[in-house]
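Below are the chains, spelled out letter by letter.
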Amino acid sequence: QLETLFFNLDIIQNFISQNFLFSIFIFLILYSLLILCNFPFASLLSMINGFLFGAWIGGIISIVGGTLGAFGIFIIAKFFFLDFVKNKFLNKYSFIENYFDKNDLELMILIRIIPAIPFFIQNLILAGVGANNKKFFFTTLFGVAPWSFIFGSIGQGLEEIFINKTELSFKLVAQPEYLIPIGFIASLIVTVILFKKKFKDLN
């Protein structure tokens with residue numbers, strides 16, 4: 001049962017409670033390395049962070065860890081595999097290069113917020129179009145924040161339901177750690193609607 005699976009995490013939770021700051025550091029490094037190694041379920045990792053540390057701290061771990069991992073991929077691709085990236089990916093997503101030439105900063109934020117391309121491929125594409133290092137770092141930091149808090153909030157919700165046995169109700173949802181991510185989701189939906197036509201026009 002799913003509840004039994006959650007209870008098996010007692011050892012990890014006890015370790016975190018006794019070594020809180022060190023645990024944050026460990027999970028941040030592990031998250032960065034998994035992103036760097038192209039772990040396919042980043043959203044699941046973000047949910048685990050939220051489950052273990054709560055929506056806010058778990059979200060921050062995902063944001064910082066995801067940004068560091070993505071920056072590592074970006075630097076490696078930019079300086080060692082640039083020709084391969086251009087031939088392999090930019091031919092497939094040529095419309096992104098056109099968009100980048102017109103407004104690089106907007107594209108770098110939108111490519112993070114709108115989940116149309118896998119995260120690992122996003123980093124390779126931005127390396128291929130020659131994105132500025134500082135712009136890449138800070139737009140990634142900003143762009144992954146909404147999804148990190150959303151999945152962190154989902155993870156915390158699972159902890160409330162299965163571990164603390166809190167009944168699923170409006171009172172559970174009507175808390176800042178859940179309402180703010182819901183607001184993020186609404187904002188993302190609006191963003192997707194506003195910029196969907198731009199992507200279609202460039203494709």
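Going by the structure above, here's the rest.
Below is a summary of the structure that appears in this document. Computed from a prediction, not measured in an experiment: that's the story for all the values here.

Looking only at helices and strands, the protein chain has 13 helices and zero strands in total. When each of the 203 residues of the protein chain is scored for burial, the buried share is 42%. Pairs at least 24 residues apart make up 77% of the contacts formed inside the protein chain by residues separated by at least 6 positions. Taken as a whole, the protein chain presents about 11400 Å² of accessible surface, with 70% of it coming from carbon and sulfur.

With that out of the way, let us pick up helix α10 (residues 133-143). Listed in full, the buried residues belonging to α10 are Phe136, Thr139, Thr140 and Gly143. Each buried residue of α10 sits inside an arc of 105° when the element is viewed along its axis, so together they form one side. Those residues of α10 that are exposed and aimed more than 90 degrees away from the buried face are Lys134, Phe138 and Phe142. At the N-terminal boundary of α10, the capping side chain belongs to Asn132, with an oxygen 2.9 Å from the backbone nitrogen of Lys134.

Okay, helix α4 (residues 42-53) next. The first and last C-alpha atoms of α4 sit 16 Å apart over 12 residues, in line with the 16 Å expected at 1.5 Å per residue. All of the buried residues along α4 are Leu45, Ser46, Asn49, Gly50, Phe51, Leu52 and Phe53. Of the residues one or two after α4, Gly54 is the one with positive phi, at around 95°.

In this structure, Ile96, Leu124, Ile125 and Leu126 are the most contacted members of the largest nonpolar core, which totals 28 residues. Of all the secondary-structure elements, those providing two or more residues to this core are α3 (20-36), α5 (55-80), α6 (82-90), α7 (94-102), α8 (104-113) and α9 (119-128). In terms of residues, this core owes the most to one element, α9, which gives five residues. Sequence-distant contacts of Ile96, that is, excluding residues within four places in its chain, are made with Leu107, Ile111, Ile117 and Ile125. The next biggest cluster of nonpolar side chains, apart from the first, holds eight residues, and it includes Ile16, Phe27, Phe51 and Leu52.

What follows covers unusual backbone geometry. Here Asn38, not a glycine, exhibits a phi torsion of approximately 65°, which is positive. Tracing the backbone shows Asn38 in the loop between α3 and α4.

The rules we used
- Residues numbered from 1 in each chain as written.
- Predicted model: local features only at pLDDT ≥ 70, side-chain atom pairs only at ≥ 80, totals over all residues.
- Heavy atoms only, no water.
- Helix = DSSP H or I, 4+ residues; strand = E, 2+ residues; numbered from the N terminus.
- Buried < 20%, exposed > 50% of the residue type's maximum accessible area, 1.4 Å probe, protein only.
- Contact = heavy atoms within 4.5 Å.
- Areas by Shrake-Rupley, 256 points an atom, 1.4 Å probe, with all protein chains shown as cover.
- Arc of directions from axis to C-beta.
- Polar contact = N/O pair within 3.5 Å; in protein donor to acceptor, adjacent residues only side chain to side chain.
- Expected span 1.5 Å × (residues − 1).
- Core = buried A, V, L, I, M, F, W, Y, C linked by side-chain atoms within 4.5 Å.

From the geometry alone we can't say anything about function, so treat these as descriptive.
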